[in-house]
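Descriptive analysis of the structure
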Amino acid sequence: MTKPAIVAQGVSKLYRRFAHKNQLRTLKSALLTGSVLADLRPEETFTALEDVSFEVKPGTTFAVIGENGSGKSTLLKLVAGITKPTRGSLRVLGRVSALIELGAGFHPEISGRENVAINAMMLGLTRKELDESYDAIVEFAELKDFIDAPVKTYSSGMYMRLGFAVAIHVDPDVLLIDEVLAVGDEAFTRKCLDKISEFRRRGKTILFVTHSLGLVEKMCDDVLWLNHGRTRGRGDPKRVVDEYLTYVAGGEEALLRSRSLADAAQAEAAPASEAPEDAGAPGGYRPGRWGSREVEIRQVRLLDSLDRERHLFIPGETLTLALSVHAARPVSDFVFGVGLFAADGTCVYGTNTDLEDFKPRRLEGEAIVRLSLEGLQLVEGTYLVDLAAHKRDGTPYDYLRGLHSFRIKSRVKDVGIYRPQHHWSFGGGAELDRPVERPELDVEPGDGAAASGGKGGAR
Amino acid sequence: MIAAIRSLVRFRALVESLVSRELKARYRGSVLGFLWSFVNPLLLLLTYTLVFTVILPNRQPEIQPFFLFLFCGILPWTWFQASLSESSGVLIANANLIKKVLFPAEVLPTVCVLANLAHFLLGLPILLLFLAWQGTLAWTAVLLPLPIVVQLVLTLGLSLFLSALTVHFRDIQNILQHVLHLWFFATPVIYSYAAIAEGTPLRQALRLNPMTHVIVTYQQMLFHGNVDHWRGLFLALLVGMLAFAAGAFLFDRLRDTLPEEV
């Protein structure tokens, strides 16, 4: 198991604002006692990041998304080591190069050649390494003819090309990119992207902050969504980006509404006798609903093998998800998907009609979609269900995340998620008493649930 | 303090390039270009010579020809004064670097001091030439590296101290100009230290100024040709080392606050 390239644990960053009226006093005491830090009492603080934790595996591409002011750049500076976290710890393995501002530190009066040398050394290259990569830098920047001209005569495009070329040739193990690709012309952007792809192929770790969500879905393995300095979402790029887009489109209000809807659904999902003890889902999996609603999931029922609505199942039973769908206008691009999640957000199973090669033709008006999960071999626990109707490219029509749940009850307290059909057998000198045969709870087994659970004994 | 030195040694290639960039960039685009390094001290010398030989003539016999005596003090003083006033603003001027690049910030004030040292060393041949022309150049000139080292340590220490502190207290930049002005007159550059009687309060005050001893040593080595100010120079070295330790300590303490405050 390789060590993660970046580990952030409970990282918080507070910016302090010092009141100016105290400056004279602090200067005096600072000079007299040298206790500058103690006397610089912050008048107010601003929390840029709060309790952010994540790990980036080596060789993966990790994106940080979020609105302006959400703490993305602060996070990047922390990872780069430019500033230190106020609380928590941050560890980065290997050489880091940060593309936070291209050509920071270029001196306008001197030539591109000298600026390359100085910039490369600032970024941590030794003179020998510089000599080796100098030609490659100039070539990448396409500035062979201008390299001896003062940098102030460069166009802003040339300036950035040179800055990017230097930073990328530092040959870091971890590359940090802050929205630098948003600037520059088409050709340059493509070139940068090619270079970044090459980095990925070579197994380097990349962390980047961007507003370009298409890029995130295309290039990243993992996404962190920051909102006002807190982790709002984390995980699979497509899903997090969808959530983020819905959030941005609908704003906070919509998400809150869907959350209360989720709570309502939760309450409804749990029969009065069945207290929803661990229905809350920690770990980044938050119930919610989003999508354009061009196709709407109007009703969801969880049925047993006799088509009775149930929320409590025993291992091995058949669970049927019955969806009533409504499309206001006919659509021809649609996919139905289902996901099962354990209470901690672990994905148990997921599939959709596209994955299983169903070709959508038409969807109009009321429609029924049923998925039967036969032999639900799961251990005891509460499971959340994701239900979705979306386009084939992933654009959601209606995504119901964790708004429905069911519970598996079992006499046997085995652990994990999946319970394979199994039985024990013993021989030789092993003597065990068979477990006492008991009815599997007071649920009526629907389809003669073979519920092999703990029945195995020495035969 | 050891850590500060080690960090500066580790980044010496960067410091070197930055110093040479500083020297190249300063006069690029001007007509005289590099010659300004020589012309600047000459013009300064001309001004002071005009003042102190024509307007307020100084006729103390032991410091004649006066313009040469003046030159011996003004050249190192310019190094000292320019280093401090530049380094007090250097972190703010390079905020971009400190905020956006993982960068050893102590390199910046160091570069200020070293670039001005280079100007000083470039001006030195002119001074030696004048001394040779007047026939007063003595063998003691070969001892010059000693006061230069003492002054370097002292200046570096003060530069580190001021550069970090100015980030938090911007007023320093303004106050400093006047402090340096006063400091100039409190250092025997335009008058002779020897001419001030022993035991007077003025002499006592001048003795507390480390730059007094540095400048007096320069004057003795270059102008008078006999050196007996060793004790003073040694004291100045001690003060310089103390200043360096304090500067390095303060800079280190404030390091993490720099990217947020510049």
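Residues numbered from 1 in each chain as written. Chains lettered and ligands numbered in written order. Predicted model: local features only at pLDDT ≥ 70, side-chain atom pairs only at ≥ 80, totals over all residues.

With that settled, the discussion passes to the overall build of chain B. Scanning chain B from N- to C-terminus turns up 12 helices and zero strands. In sequence order, chain B lays out its α and β elements as α-α-α-α-α-α-α-α-α-α-α-α. Contacts in chain B between residues far apart in sequence, at least 24 positions, make up 78% of those at least 6 positions apart. (Helix = DSSP H or I, 4+ residues; strand = E, 2+ residues; numbered from the N terminus. Contact = placed C-beta atoms within 7 Å.)

This brings us to the sheet that holds strand 6 (residues 174-178) of chain A. Residues and elements named next belong to chain A. Reading across the sheet, the six strands line up as 5-6-7-3-8-9 and stay open at both edges, with mixed pairing between neighbours. Strand pairing shows two members of the sheet lacking a second neighbour, strand 5 (96-99) and strand 9 (230-235), which therefore form its edges. On average, each strand axis in the sheet is inclined to that of its neighbour by 15°, with strand direction left out of account. In this structure, strand 8 (residues 222-227) lies alongside strand 9, joined through five bridges in antiparallel fashion. By the bridge assignment, V223 is partnered in strand 9 with G235. (Pairing = 2+ DSSP bridges. Axes fitted to C-alpha atoms, helices over the stretch in contact; angles between N-to-C directions.)

Residue and element names in this part refer to chain B. When you line up the elements, L45 lands in helix 3 (residues 36-55). In the structure, L45 is positioned 30 residues away from L75 in sequence and 8.8 Å away in space, judged by C-alpha atoms. Setting aside chain neighbours within four positions, we find L45 in contact with F67, L70, F71 and I74.

It is worth spelling out the nonpolar core at this point. Formed by 138 residues in total, the largest nonpolar core has its most connected members in A:V79, A:A80, A:A120, A:L176, A:L207, A:V223 and B:C72. Among the nonpolar cores identified, the runner-up in size contains 31 residues, and A:F336, A:A343, A:L363 and A:A389 belong to it. (Core = buried A, V, L, I, M, F, W, Y, C linked by C-beta atoms within 7 Å. Buried ≥ 20, exposed ≤ 12 C-beta atoms within 10 Å, placed from the backbone.)

Residue and element names in this part refer to chain A. Counting buried positions along strand 18 (residues 396-408) gives 13 out of 13 residues, so the element sits mostly inside the fold. By the bridge criterion, three bridges tie strand 10 (residues 288-290) to strand 18 in an arrangement that is antiparallel. For R289, the partnering residue across the bridge sits in strand 18 and is L400. Alignment of strand 12 (residues 312-313) against strand 18, held across two bridges, turns out to be parallel. If you follow F313 over to strand 18, its bridge partner there is I408.

Another point: the interface of chain B and chain A. Note on interface size: it is often stated as the accessible area lost on association of the parts. Opposite the 21 residues of chain B that make contact, chain A presents 25 residues. Taken together, the elements giving at least two residues each to the side of chain B that touches chain A come down to helix 2 (12-27), helix 5 (95-100), helix 11 (230-254) and helix 12 (258-261) of chain B. The element contributing the most residues to the side of chain B that touches chain A is helix 2 of chain B, with seven residues. Along the lines of polarity and charge, the residues of the side of chain B that touches chain A split into 11 nonpolar, three polar and seven charged. (Nonpolar A, V, L, I, M, F, W, Y, C, P; charged D, E, K, R; others polar.)

Our next topic: the packing of helix 4 (residues 66-93) of chain B against helix 8 (residues 171-185) of chain B. Residues and elements named next belong to chain B. Two elements in contact, helix 4 and helix 8, have axes whose closest approach is 9 Å; the angle formed by their N-to-C orientations is 170°. Taken together, the axis directions place helix 4 and helix 8 in an arrangement best described as roughly antiparallel. Contacts from W77, Q81, L84, S85, S88 and G89 in helix 4 reach I172, Q173, L176, Q177, L180 and F184 in helix 8. Class assignment of the residues belonging to the contact of helix 4 with helix 8 gives a composition of six nonpolar, six polar and no charged. (Parallel < 35°, antiparallel > 145°, perpendicular 65-115°, else oblique.)

Residues and elements named next belong to chain A. Phi is positive for R293, which is not a glycine, with a value near 65°. In this model, D307 sits at a positive phi of 60°, which is unusual for a non-glycine residue. Relative to the helices and strands, D307 resides in the loop between strand 11 (295-303) and strand 12.

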